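Letter by letter, the chains look like this.
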Amino acid sequence: SVIVQNIAEAERVGKKGKPVKDTASALPELMSKVRSVVGKSATSDLTARDLYNALAYSTRDGLIERFNKTHEHWAAKDSKFVYYLSAEFLMGRTLTNAVYNLGMEGKYAEALRSLGYDMETIQEQERDASLGNGGLGRLAACFLDSMANIDLPGWGYGIRYKYGMFKQALDKGGYQKELPDIWLTDGNPWEVKRSEIKYEVCFGGRTEKKTVNGKEVSVWEPNQRVYAQAYDNPIPGFQTPTVGNLRLWDALPVTEFDLAAFNAGDYDKSMLEKEKAECIVAVLYPNDATPEGKELRLKQQYFFVAASMQDVLTRFKAKHGSKWDLLPTKAVFQMNDTHPTIAVAEAMRLLVDVEGLPWEQAWSISSKMLNYTNHTVMPEALEKWPVKVMAKMLPRHMEIIEIINEGWIQWLQSNLPGTAAEKAAKVAAMSIVHENQWNKDELLVNMAYLAVVGSAHVNGVAAIHSDIVKNEIFNDFYKIFPNKFQNKTNGVTPRRWLAWCNPELATLITKTLGSDAWINNAELLSGLRKFASDKNFQSQWRAVKQQRKAKLAAMIKSQTGDDIDINNMFDIQVKRIHEYKRQYMNVLGIIWRYKQLKKMTPAERKASVPRVCMIGGKAASAYDMAKRIIRLVTAVGAKINNDPDTKDYLRLYFLPDYNVSLAEALIPAAELSQHISTGGTEASGTSNMKFQMNGCLIIGTWDGANIEIAEETGVENVFVFGVRAEEINQLRKERANYKTDPRFNEIMNDIAGGMFGDKEYFKPLVDSISNMKVGNDWFLVANDFAAYLDAQEEVDKVYKDPEEWTRRSIMYTAGSGKFSSDRTIREYAEDIWDIKPERPLA
Ligand code: RUG
């Protein structure tokens, strides 16, 4: 197809781009930034932080220059754009990524060395931009990288949260402690404030029917107004001059300071508006357990959607005036989960109320340019706003949603087959506004249904998940609009997640394949397959892994004081802590291993496969069970790491504050990673792809993207176990009759009996999976436990054969090409957005 040809051409041209190696100019450049930005002289004692700032501002110059060229080019071509609307962007650090993507690592590394620093030390000065919770936010960041990389005109739009994802610490007792993530305190060299780009965003108030030009219209009279202020964050591609953009919105008060109130001595009132505005963007995902929290979250969602849509429409109008029918040929939006789906109502408000278009024309435009990605099957994450909250916060939008819903219901009534009673049941099941099933007095707006009705395309994020989306979650809708639904299996950027985070392995791959072309064309990694059984290559591959294990061991030593033997298997599970992800089952397996080791003779222990197990991830502040799971990990770790009989054979560490930077250190060092969610619950997973790329073997369930990873790697190379998605409903129904494995019972008794202390605190955890009645052990830990232990035995067996283990490891990396986000973005561009790459001249 045309798009594939364009991309291929773009890549061919890009490969000619040579990395900048202008080392001579690097030192003077850095020194100039030391003077102008850091405010010190070249003869001062320069700290790592000073050099970080100097290097960041130097790199930023290069970014901005390319950014301007890219955007001038796209504007001149009047390219069609995709706008990725996401409440989360988990960007991590920018420095290394920018320096490497711009090909400037050689240039700066030497200059830094001459000043007595290395790149790694300097890079550690940067705080992660953690504007996301987990997979969904990191996916958005990978997508931006790939969009720039393949020259696709597109931007991300989100919120410039003042405090990102909380910093996780452990208190003395081993419980999670949440600390604010004050990431902007020392400034952010990577953003550009666009003072001139600011939009008013309104909330609350009421609507009033008025007659305008002989027509009755609804006029919104809001009672709060704030400004959304644009900040641009340039996103560089690799071996291309393209630099894309992430535009984040800050909230400002319309009146900065109430001088009259101040002069009257009311100091609190004088700052009130400012505080109210700042509150909107203060924290990522405020706890929504209270009505106040819910309102604030909806406010955040509307805030960034309203600013982003006004921004797009303003640019469109500047170019095309009121030729609104052209809009879907110039702009498409991808709504990342339900968080930005108020966009459906906002698009209608802007086109009908502000631009004066007839409803039908506006609907035809809006429903062509909006698309929705579903990322979860968890009902609690498919947002539903009480009508009361929506009507209070966004009264005009509530009216618009009601009009959309009326039209939708009418359409259903005229088009659905069946008797009147059958139709009525279907209409009730598919209505965008419906009763709360737990509280019949409350009406809810189902944001996912609004998105499905208002979008051109709806997609899931892995093959199995897209099937569940079609056949379960939105089955009624799928039957009506089969062509609306697609699959777009997730991906991750091979730049950050292999080439830059694991330079040791990247160098070996490049040497072996004869070129670094795989960095932009990950399918070329399949060329490693033919070396998988080559003994010489295997030993080089193992040496790289050992190097990375040594690095991680040093990090753990610095945090815990413990020495770790790098000949032991590094077994890692890192992701958000959730019952469905089953870190709990991992701990139960570790307890079983510990108990077995205790029973062994010293000789038997010596013959076992020693492991260092690591678990990391944050528990949502209001998620009590997840916090108890963390405490179980720390309690079990404390016992086994200090037991002289076992500590040489088994360790368990909880790694606090898991974030992008920590992932970059862990993933290259991992030998086994665990992706053990209950079949049918993990939409895709993306860390599984990162581990795979880095040659880490997977123990996993037949769930999410594990399935496709196994297909690409060779199912025989993956340790697969557990119940399948299609079995879980039946198993849940049969809960009461389930006979648990004796080993499982023994461990439950151990925890309940206080083997790891804190038995009262662990009681709800034990109860949640051990009383076999319907509704208990929802995530089927008991059902999978025996199969999990068997799979772990198989892991040990294979690890005892280093050649077989290494062969598999190579096969993982070789099979990871499909999981490049470049592939995913190409599919979105071709099948959903209809956007072609457009490369600016270098
Ligand atoms: O839990 C899902 C992951 O399975 C998936 O890989 C990721 C990206 O598609 O999105 C995660 N997710 C889902 N994060 N938040 C949600 C629900 O809002």
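Residues numbered from 1 in each chain as written. Predicted model: local features only at pLDDT ≥ 70, side-chain atom pairs only at ≥ 80, totals over all residues.

With an unreviewed UniProt entry as reference, the protein chain is termed Alpha-1,4 glucan phosphorylase, source organism Chlamydomonas eustigma. For the protein chain, the Cofactor (unreviewed entry) comment in UniProt is given as "pyridoxal 5'-phosphate". In its Sequence similarities (unreviewed entry) section, UniProt records this for the protein chain: "Belongs to the glycogen phosphorylase family." (UniProt positions renumbered as here; feature names shortened; annotations may be inferred.)

K.L.:
What should I look at first to understand the overall build of the protein chain in this one?
P.N.:
Within the protein chain, the regular secondary structure consists of 35 helices and 24 strands. Compactness check: the protein chain gives a C-alpha radius of gyration of 27 Å against a globular reference of 28 Å for 842 residues, within 12% of the reference. The principal-axis extents of the C-alpha atoms in the protein chain amount to approximately 95 × 75 × 65 Å. Buried residues in the protein chain amount to 49% of all 842 residues. By sequence separation, contacts in the protein chain at least 24 residues apart represent 75% of the contacts at least 6 residues apart. (Helix = DSSP H or I, 4+ residues; strand = E, 2+ residues; numbered from the N terminus. Rg over C-alpha atoms; globule rule 2.2 N^0.38 Å. Buried ≥ 20, exposed ≤ 12 C-beta atoms within 10 Å, placed from the backbone. Contact = placed C-beta atoms within 7 Å.)

K.L.:
What exactly am I supposed to notice about the sheet that holds strand β14 (residues 384-386) here?
P.N.:
Strand pairing in a sheet relies on backbone hydrogen bonds, with the paired strands running either antiparallel or parallel. With respect to topology, 3 strands assemble into an open sheet ordered β14-β16-β15, the strand pairing being antiparallel. Every interior strand has two partners, whereas the edge strands, β14 and β15 (433-436), have only one. Looking at each pair of strands side by side, their axes are set apart by 45° on average, direction ignored. With 3 bridges connecting them, β14 and strand β16 (residues 439-446) associate as antiparallel partners. Across the sheet, the residue bridging to Trp 385 is Val 445, located in β16. (Pairing = 2+ DSSP bridges. Axes fitted to C-alpha atoms, helices over the stretch in contact; angles between N-to-C directions.)

K.L.:
Even after reading the chapter, I still don't get helix α2 (residues 23-38), so can you show me in this structure?
P.N.:
Because an α-helix packs 3.6 residues into every turn, residues spaced three or four apart end up facing the same way. The first and last C-alpha atoms of α2 sit 21 Å apart over 16 residues, in line with the 22 Å expected at 1.5 Å per residue. Those residues of α2 lying buried are Ala 26, Glu 29, Leu 30, Lys 33, Val 34 and Val 38. Along the axis of α2, the buried residues cluster in a sector spanning 145°; they form a single face. Across from the buried face of α2, at angles greater than 90 degrees, the exposed residues are Ala 24, Ser 25, Pro 28 and Ser 36. For α2, the secondary structure elements touched by its buried residues are α3 (48-77) and α5 (105-114). (Expected span 1.5 Å × (residues − 1). Arc of directions from axis to C-beta.)

K.L.:
Honestly, the sheet that holds strand β1 (residues 81-85) in this entry has me stumped. Any pointers?
P.N.:
The mixed open sheet is built from 9 strands, whose spatial order is β7-β10-β11-β4-β1-β12-β13-β17-β18. One side of each edge strand has no neighbouring strand; the edge strands of this open sheet are β7 (192-203) and β18 (485-487). Taking each pair of neighbouring strands and ignoring which way they run, the sheet shows an average axis angle of 25°. Looking at chain direction, β1 and strand β12 (residues 331-336) are connected through 5 bridges and run parallel. Each bridged residue has a counterpart across the sheet, and for Val 82 the counterpart in β12 is Val 332. The strands that helix α7 (residues 135-149) touches are β1, β4 (154-159), β10 (224-236), β11 (243-253) and β12; relative to β11, the one it contacts most, it runs at about 130°. The sheet strands contacting helix α19 (residues 463-473) are β17 (457-460) and β18, and the helix crosses β18 at an angle near 165°.

K.L.:
Would you mind going over the pairing of β11 with me for this structure?
P.N.:
Side chains on a regular strand alternate between the two faces of the sheet. Of all 11 residues that make up β11, 9 are buried, and the element is covered over most of its length. Sheet topology places β4 next to β11; 5 bridges connect them, and they run parallel. The partner of Gly 158 across the bridge, within β11, is Leu 248. Relative to β11, β10 runs antiparallel, the two being bridged by 11 bridges. Across the sheet, Gln 229 pairs through a bridge with Asp 250, a residue of β11.

K.L.:
How do you make sense of unusual backbone geometry when you look at a structure like this?
P.N.:
With glycine set apart, most residues show a phi of negative sign, and most peptide bonds adopt trans. The backbone phi angle of Asn 213 is positive, close to 50°, even though this residue is not glycine. Relative to the helices and strands, Asn 213 is located in the loop between β8 (206-212) and β9 (215-221).

K.L.:
How should I be thinking about the site of the ligand in this particular structure?
P.N.:
In the region of the ligand, 16 residues are neighbours, and Gly 135, Leu 136, His 375, Ala 683 and Ser 684 sit closest. Of the residues belonging to the shell around the ligand, the class tally is 5 nonpolar, 9 polar and 2 charged. (Near = placed C-beta within 6 Å. Nonpolar A, V, L, I, M, F, W, Y, C, P; charged D, E, K, R; others polar.)

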